[in-house]
Amino acid sequence: MDLSNSHLLDDAVVCTKVDAVINWGRQSSLWPFVFGTACCAIEFMATAASRYDISRFGAEVLRFSPRHADLLVVAGTVSYKQAPILKQIYDQMPEPKWVVAVGACASTGGFYDNYTTLQGIDEIVPVDVYVAGCPPRPEGILDAVVQIQKQLWREPTLKLRDHSGFKGKLDE
Amino acid sequence: MNSTAHYQPLLERFEAASFTVMMGEIPMIAAHADHLYRMVEHLRDEMGYAMLLDITAVDNLGFSHPGSSRFEVIYLFRHADFKRTMGLKVKVGNIDVGLPTISDLYGSADWLEREVYDQYGVPFAGHPTLKRILNHLEFVGHPLRKDYEITQGQYCTQTQDMMDEMKPLLDARGLEMERDNLMILNLGPSHPASHGTIRTLAALDGEKIVAGASEIGYLHRGFEKSCENHTYNQIIPYTDRLNYCSALMNNIAFAKTVEEMMGLTLPDRGIFIRVILAELSRVIDHLVCLAAGLLDMGGQTNYWYLFNPRNDAYDFLSKLTGARLTNSYMRIGGMTHDLYEGWERDLENVLKKVDKGIAESLQMIEHNRIFQDRLLNVSPVSAAEAIDHGFTGPNLRASGVPYDLRFASPHYYYDTFDFDMVVGSVGDTYDRLMVRFEEMLQSMRIIRQAAKNIPGGPINVPHHAVTMPPKKAVYTTIEGAMNQFKLVYEGVKVPRGEHYGAFEAANGELGFYIVSDGSGTPYKVKVRAPSFLHMAAYPKIIEGYQVGDAILTLGSLNIIAGEMDR
Ligand code: SF4
């Protein structure tokens, strides 16, 4: 088949499902909002730089407004003082949205089992993928993106993602 | 130099004061609360102690010094010759009254006193804004008190609007929000250019900042409290996460301080390895600072040029230590293991790449009009101001103060290496960035010399009470097994006493004030974090400049939240 032939698809009809088309698009254009707080955020920077190059997975359009993003990457320790801010940012993101907890701190509080540190962000927001490591290597963060892509593929696009089962510590 | 004679006039004038020395020969004068203010004034004006290094407190509950009161506040000063250090110790008689503030004598005292108030509940009478700084405002109690349970977290439901701090600033300048048509801009704590979680509130007149206030503590992770329930070696991984851009350097600074308390000197090979890794960390730290700072400016290509060699350095470090970022390679009395075979080649490769990255980046910015226009004369800090703010490291040197601990108190053979101190002139954003470029080149000179001359031999001090026995001995002899068991369970025991040790880290003077009760766990650890004081000055130095300038100034100060908030 000659792909350079621009008339190739002229008369063609492609049959597929809406879900498949939309998810195909979503999958390859995740826009992350990086809630980077600590050491793990530095490794996220490395993930975005040319060596590891997150754009190979279509997720290089880092958004710094939660309104523009659909992937919340929480990289670093989240303290109790930060928890309301994390929640606000999560709430400001439009659906559909996914959350990755990067590193031990975001996942469980890590080795900061003390008076300042939230023992895992899943006390505040629902988490889709956890990444182990302190900090995880950039490959680990890339793997999380791939995991989200796989998850997303199975989700119906015409229904909102259901978070009704989740009640965070800061939800009234 | 630190003899009693130097302090005699002070001791005569304030009779209630008494002279002691900490471990490591630093004088510590016990003062009476009533004399505190006048004594500090005397120290500053008559005796030349120009810089207030740190303020902290000790809670003596469960550590009964005969006749001591529960709380003591410790002040550390540095002389204008940058060689002499001294401490003042004041008992807090009545916790409700506290101590008089010295925030009008030293700019750096402002935030330091707030921290003591927040963590220990010691109030400072007359302080302009005595409110919590690291913990959130809904927090009840004072976490560093010995009777505060370490795991007792407290949820925070609201953020503060900070207008209680902004309002007096505006009043002092005769400004009014409505009348003068001002706007409040909130930068952070989650902001791409805030380099971590730092929040700054700026009152704007058009684009110009007329008053600023910063809020920190978002990354307060309880380092100091955690130290009180871990053994000295277990603390090493926590130190990694202070300034996580140069983790090894924090390891070294902490280990060195503890070794000083124990009177240990590393074998030469160990020292050389530390020098090489400390300087490599400095290079990495500056690379990250510059890459991010230039990225904020829109110079994205610089980010790739500077970040990629850093990745090469991390390849080397992960080969050596097993981790890229958080290496935990040092131990009290040495390090986990020796360098691997062929390290020289790998290291030289890294240096070559760094050289190339720096050259490429400099080529783009050195004679670049935009770069200069945006940075020259932006937020300059004079030498006197820098000292008053407690600046150290590249930020202080940028202001033209030739102070570097590697020169001022030579250790680790720094006096035998051939390298230059890098000093700026006016302390503007340009100087702060360019000093870092040059410092990387100097650090690489040190690394190359050290790598060439590194001696053979052991890397750890040969003491059973400090260094782990070889694995073979642990598995085959009862002595070895017991030795390992005791070191793991009880930790390295540090003699009773107090000590302040400092190291020229990438961001400045990283100091540890440690109180030991003789056990394997420190009674108290306080970090003198350079970023904390740099940040305290930040809202003041951005005044009069534009928002875009403020972003670059923040980048040039290289605030690392992990170190600042601890
Ligand atoms: S998981 Fe480890 S590296 Fe990541 S933020 Fe926490 S302490 Fe830092």
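Note that the structure is a prediction, hence the values are computed from the model and not measured.

Procedures and definitions
- Residues numbered from 1 in each chain as written.
- Chains lettered and ligands numbered in written order.
- Predicted model: local features only at pLDDT ≥ 70, side-chain atom pairs only at ≥ 80, totals over all residues.
- Heavy atoms only, no water.
- Buried < 20%, exposed > 50% of the residue type's maximum accessible area, 1.4 Å probe, protein only.
- Helix = DSSP H or I, 4+ residues; strand = E, 2+ residues; numbered from the N terminus.
- Contact = heavy atoms within 4.5 Å.
- Domains from an automatic or database assignment.
- Buried area = accessible area lost by both parts, 1.4 Å probe.
- Salt bridge = Lys/Arg side-chain N within 4 Å of Asp/Glu carboxyl O.
- Polar contact = N/O pair within 3.5 Å; in protein donor to acceptor, adjacent residues only side chain to side chain.
- Pairing = 2+ DSSP bridges.
- Axes fitted to C-alpha atoms, helices over the stretch in contact; angles between N-to-C directions.
- Core = buried A, V, L, I, M, F, W, Y, C linked by side-chain atoms within 4.5 Å.
- Phe/Tyr/Trp six-rings, centres within 6.5 Å; stacked < 30°, edge-to-face > 60°.

Q: Give me helix α3 (residues 83-92) of chain A: which residues, what numbers.
A: Residue and element names in this part refer to chain A. Taking burial as the measure, the 10 residues of α3 include seven buried ones, the bulk of the element. Regarding α3, the residues found buried are Ala 83, Pro 84, Ile 85, Leu 86, Lys 87, Ile 89 and Tyr 90. Buried residues along α3 sit in contact with β1 (32-36), β2 (71-75) and β3 (98-102).

Q: Would you mind going over the domain arrangement of chain B in detail, with residue names and values included?
A: All names here are of chain B. Partitioning chain B into domains gives domain 1 (4-125), domain 2 (163-215) and domain 3 (232-528). Here the C-alpha centroids of domain 1 and domain 3 sit 29 Å apart. Between domain 1 and domain 3, the residue contacts involve 31 residues of the former and 28 residues of the latter. Each partner contributes to the roughly 2,300 Å² buried at the junction of domain 1 and domain 3, and carbon and sulfur atoms together form 61% of this total. Viewed at the interface, domain 3 and domain 1 are joined by three salt bridges. Joining domain 1 to domain 3, the criterion identifies 12 residue pairs in polar contact (both at pLDDT 80 or more). Taken together, the elements giving at least two residues each to the side of domain 1 that touches domain 3 come down to β3 (51-59), β4 (71-78), β5 (85-92) and α3 (109-120).

Q: I'd love a proper account of the pattern of salt bridges, names of residues and values included.
A: Residues and elements named next belong to chain B. If you walk through the whole model with that rule in mind, you get 45 salt bridges over all chains. Salt-bridge contacts for Glu 279 lead to Arg 282; the nearest nitrogen and oxygen are separated by 3.0 Å. Here Glu 279 pairs with Arg 282, and both are found in helix α8 (residues 268-296), just three residues apart, close to one helical turn. The partner of Arg 406 in a salt bridge is Asp 404, and the shortest N-O contact between them spans 2.8 Å. A relative accessible area of 5% places Arg 406 in the buried class. Under the relative-accessibility criterion, Asp 404 is labelled buried at 1%. Where salt bridges share partners, they join Glu 279, Arg 282, Arg 397, Asp 404, Arg 406, Glu 439 and Glu 504 into one cluster.

Q: Describe the interface of chain B and chain A, listing the residues and the values that go with them.
A: Listed per partner, the contact involves 52 residues of chain B and 39 residues of chain A. Both sides together, the interface formed by chain B and chain A hides about 3,800 Å², and carbon and sulfur atoms give 62% of it. Taking the shortest distance from any N to any O, the salt bridge between Glu43(A) and Arg324(B) comes out at 2.5 Å. Between the two partners, chain B and chain A, sit 21 residue pairs in polar contact (both at pLDDT 80 or more). When contributions to the side of chain B that touches chain A are tallied by element, the ones reaching two or more residues are α5 (223-227), α6 (232-240) and α9 (300-321) of chain B. Broken down by element, the side of chain B that touches chain A gets its largest block of residues, 10 residues, from α9(B).

Q: So what's going on with unusual backbone geometry? Which residues, and what values?
A: Looking along the chain, the bond that leaves Glu95(A) and enters Pro96(A) is cis, with omega of -5°. Geometrically, the link from Cys134(A) to Pro135(A) is a cis peptide bond, its omega value of -5° lying close to zero. Looking at the element boundaries, Pro135(A) is found in the loop between β4 (129-131) and α5 (138-153). Positioned with a positive phi, Ser328(B) is a non-glycine residue whose angle comes to about 45°. Ser328(B) gets classed as buried once you look at its relative accessible area, which sits at 16%. The backbone of Arg566(B) sits at a positive phi, close to 55°, despite the residue not being glycine. For Arg566(B), a relative accessible area of 2% puts it in the buried group.

Q: Lay out the sheet that holds β3(A) with the relevant residues and their values.
A: Residues and elements named next belong to chain A. Spatial ordering of the open sheet is given by β1-β2-β3-β4, a layout of four strands whose pairing is parallel. Edge strands, defined here as strands with exactly one partner in the open sheet, are β1 and β4. Mean inter-strand twist for the sheet, computed between neighbouring axes without regard to direction, equals 15°. As defined by bridge partners, β3 adjoins β4 across three bridges and the pair is classed as parallel. Following the sheet pairing, Val 100 is matched in β4 by Val 129. Across the face of the sheet, helix α2 (residues 39-48) comes into contact with β1, β2 and β3 while running at roughly 125° to β2.

Q: How would you explain the nonpolar core if you had to name every residue and give the values?
A: Membership of the largest hydrophobic core comes to 183 residues, with the highest contact counts inside it found for Tyr75(B), Phe77(B), Leu88(B), Ile332(B), Phe437(B) and Phe512(B). It is α8(B) that contributes the most residues to this core, 15 residues altogether. Setting aside anything within four residues of it in sequence, one finds Tyr75(B) in contact with Leu36(B), Leu52(B), Asp54(B), Ile55(B), Met86(B), Gly87(B), Leu88(B), Val90(B), Leu99(B), Pro100(B), Ile102(B) and Phe124(B). Of all hydrophobic cores here, the second largest spans 23 residues; its members include Phe35(A), Ala69(A), Leu72(A) and Ile124(A).

Q: How would you explain the packing of aromatic side chains if you had to name every residue and give the values?
A: Residue and element names in this part refer to chain B. Under the defined criterion, the tally for this structure stands at 23 aromatic pairs over all chains. An angle of 40° between the planes, with centres 4.8 Å apart, marks the rings of Phe 407 and Phe 419 as tilted. One end of the pair, Phe 407, is in helix α14 (residues 405-408); the other, Phe 419, is in the loop between α14 and α15 (429-453), with 12 residues separating them in the sequence. Overall, the relative accessible area of 33% leaves Phe 407 in the partly exposed class. Take Phe 419: its relative accessible area is 6%, and that puts it in the buried class. Aromatic pair Tyr 414 and Phe 417: ring centres 6.3 Å apart, planes at 70°, arrangement edge-to-face.

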